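In case you want the letters, here they are:
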Amino acid sequence: MDEIGKLGFGFMRLPVVERDGGKEIDVEQVKEMVDLFMDAGFTYFDTARGYHNGRSEAALREAVVERYPRESFQVATKLPAWLAENADHARAMFDKSLRETQAGYFDNFLLHNLGEERTRLFDDFGLWDFLHEKKEAGLIRNLGFSIHDKAAVLEEVLEAHPEVDFVQLQINYADWESETIESRACYEVARAHGLPVVVMEPIKGGSLVHLPQDAADVLGAVNPDASLPSWALRFAASLPGVLTVLSGMSTPDQVRENVAVMNGFEPLSRVEDEALARVRAILDGVDTVPCTDCRYCLKNCPQGVRIPAALASLNIQELYHDAYRAQENYDWNASSGPASTCIGCGACESVCPQHIEIVKELGRAAELFEKKPA
């Protein structure tokens, strides 16, 4: 794969404005952000069919494709089989992405968000073969996938599909040794297969801007001039084999800050690595719900409650006091099986290795994250 800049622009958290009683992407502000990004020498844009309720790809067309020569930037987008009604619907998403972006072809195309029960849909709908045909036709230059699951699942996918060109993984220093996310383990699986990695969630959806004060003090003592986001970006970019680090930027100031960090990018020093290890230890010491995402509870739940996702949102709130990111995680990952549908049967608790009082925690999650009607 071609070398690209170490910073990628994720079109998942674009600025919005209120208009006609609803929220729309602020395309004019996105154009300003794109110009700042491109002027700094960065060229990689990442979107997906489902971002911003399907409007992100059109925003990319308006802000990038219609304003810059096609050879001057790279476009990546994703196909979410789990949003499709059937195989025909899933395949039609590819053509819709081409129409919405008007990119002509995709530099990188991804099967979106493999993991759990979602993985089988890409096989059931024949999407691997379908997308290889699109690649042979010149509409895809590099084919990969994004995944939110354990290293063992990633290994299974790569064993079944060794022909992929790259993978997109959730990697940040807080999740590096996590038993739930397994950032390091997933990274090592990808590298063992010789695959380059695109990093998503390097700042954990913005949560690593909200460190506990004692953790922030550790980093400030090592480098008082470095912002908290810069530590997270440099950690991910310092890993060998990382193609680019995506940042879901929402304001021009965020673009300015991130391009300044990555334009003068320097890998972390040993002292800086040790400081991040101390920060991880501090975060590990915070009293959170001790869920390891083993998912035994999911097999027993008669209501299909997305228990680990709900507990993860509680932990984001407790660790980082980041209500926005906790809510976002809940909306993305738990709303298909909301905590409020728990009937209190206790089947989940009977199989939980950590002996978590799951029913009580789900009550907290429902109270915190499920919007009450006005």
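Rules of the game
Residues numbered from 1 in each chain as written. Predicted model: local features only at pLDDT ≥ 70, side-chain atom pairs only at ≥ 80, totals over all residues. Heavy atoms only, no water. Helix = DSSP H or I, 4+ residues; strand = E, 2+ residues; numbered from the N terminus. Rg over C-alpha atoms; globule rule 2.2 N^0.38 Å. Buried < 20%, exposed > 50% of the residue type's maximum accessible area, 1.4 Å probe, protein only. Contact = heavy atoms within 4.5 Å. Areas by Shrake-Rupley, 256 points an atom, 1.4 Å probe, with all protein chains shown as cover. Lys, Arg positive; Asp, Glu negative; His and termini not counted. Charge placed at Lys NZ, Arg CZ, Asp CG, Glu CD. Pairing = 2+ DSSP bridges. Axes fitted to C-alpha atoms, helices over the stretch in contact; angles between N-to-C directions. Expected span 1.5 Å × (residues − 1). Phe/Tyr/Trp six-rings, centres within 6.5 Å; stacked < 30°, edge-to-face > 60°. Lys NZ or Arg CZ within 6 Å of the ring centre and 35° of its normal. Core = buried A, V, L, I, M, F, W, Y, C linked by side-chain atoms within 4.5 Å. Domains from an automatic or database assignment. Salt bridge = Lys/Arg side-chain N within 4 Å of Asp/Glu carboxyl O. Polar contact = N/O pair within 3.5 Å; in protein donor to acceptor, adjacent residues only side chain to side chain.

Draft legend 1. The arrangement of the overall build of the protein in detail. For the protein, the count of helices and strands is 15 helices and ten strands. Its C-alpha atoms give the protein a radius of gyration of 20 Å, within 12% of the compact-globule value 21 Å for 374 residues. Taken over 374 residues, the protein has a buried fraction of 55%. Pairs at least 24 residues apart make up 75% of the contacts formed inside the protein by residues separated by at least 6 positions. Here the protein displays about 16,400 Å² of accessible surface, and carbon together with sulfur accounts for 48% of that area. Charge-centre separation for the protein: the mean point of 36 positive side chains lies 2 Å from the mean point of 60 negative side chains.

Draft legend 2. A look at the sheet that holds strand β1 (residues 7-10). Taken in spatial order, the eight strands line up as β1-β4-β5-β6-β7-β8-β9-β10 and close into a barrel, and their pairing is parallel. Across this sheet, the average inter-strand angle for adjacent strands is 25°, counted without regard to direction. In this sheet, strand β9 (residues 197-200) lies alongside strand β8 (residues 166-170) in parallel orientation, the contact comprising four bridges. What sits directly across from Q168, in β9, is V198. Against the sheet, helix α7 (residues 183-192) engages β8 and β9, with an angle of about 175° to β8.

Draft legend 3. Spatial organisation of the environment of P308. Inspection of the secondary structure assignment puts P308 in helix α13 (residues 307-320). Remark: the alpha-carbon pair of P308 and C186, spanning 122 residues in sequence, is separated by 19 Å. Those residues in contact with P308, other than ones at most four positions away along the chain, are C291, D293, R295, C297 and L298.

Draft legend 4. Focus on unusual backbone geometry. A positive phi angle, close to 55°, is found at K204, a residue other than glycine. Following the sequence through the fold, K204 ends up in the loop between β9 and α8 (213-222). Judged by relative accessible area, which is 10%, K204 ranks as buried. Phi is positive for H321, close to 50°, though the residue is something other than glycine. Relative to the assigned elements, H321 resides in the loop between α13 and α14 (323-333).

Draft legend 5. Expanded view of α13. For α13, which comprises 14 residues, the first-to-last C-alpha distance of 20 Å matches the rise-based estimate of 20 Å (1.5 Å per residue) to within 8%. Of all the 14 residues making up α13, eleven are buried; the element is thus mostly covered by neighbouring parts of the structure. For α13, every residue scored as buried is listed here: I307, P308, A309, A310, L311, S313, L314, N315, I316, L319 and Y320. Where α13 is buried, its residues contact α11 (270-284), α12 (296-300), α14 and α15 (358-369).

Draft legend 6. Summary view of the pairing of strand β2 (residues 16-19). Sheet topology note: the β2/strand β3 (residues 22-25) ladder contains four bridges and is antiparallel. When the sheet's bridge partners are listed, R19 is paired in β3 with G22. What sits between β2 and β3 in their antiparallel hairpin is a turn of two residues, with D20 showing a positive phi close to 55°.

Draft legend 7. Summary view of the packing of aromatic side chains. The tally for this structure, following the rule as stated, stands at 16 aromatic pairs. A centroid spacing of 5.7 Å and a plane angle of 80° characterise the contact between F94 and F106, whose relative ring orientation is edge-to-face. Here the residue F94 occupies a position in helix α3 (residues 87-101), and F106 occupies one in strand β6 (residues 106-114), the gap between them amounting to twelve residues. What makes F94 buried here is its relative accessible area of 0%. F106 sits in the buried class, given a relative accessible area of 0%. Geometrically, the ring pair formed by Y173 and F235 is edge-to-face, given 6.3 Å between the ring centres and 80° between the ring planes. Here Y173 is found in the loop between β8 and α7, whereas its partner F235 is found in helix α9 (residues 228-237), with 62 residues between them in sequence. Exposure remark for Y173: the relative accessible area of 0% places this residue in the buried category. With relative accessibility at 5%, the residue F235 sits in the buried group. Aromatic ring contacts, followed pair by pair, group F9, F11, F37, F42 and F45 into a single cluster. Above the ring of Y105, the side-chain terminus of R70 is found at 4.0 Å from the ring centroid.

Draft legend 8. Region of interest: the nonpolar core. Ranked by internal contacts, the top residues of the largest apolar core, which has 115 residues, are V34, F45, F145, Y173 and L211. With eight residues, the single largest contributor to this core is α13. Each of two domains, domain 1 (7-278) and domain 2 (296-370), supplies a minimum of three residues to this core. Ranked by size, the runner-up nonpolar core spans eight residues in total, among them L110, F166, V198 and L246.

Draft legend 9. Looking closely at the domain arrangement of the protein. When the domains of the protein are assigned, the result is domain 1 (7-278) and domain 2 (296-370). For domain 1 and domain 2, the distance between their C-alpha centroids amounts to 26 Å. In this complex, domain 1 contributes 16 residues to the contact, which on the side of domain 2 involves eight residues. Seen at the junction of domain 1 and domain 2, the total is four salt bridges. E116 is paired through a salt bridge with R306; the nearest N and O atoms lie 2.2 Å apart. Here domain 1 is connected to domain 2 by four residue pairs in polar contact (both at pLDDT 80 or more).

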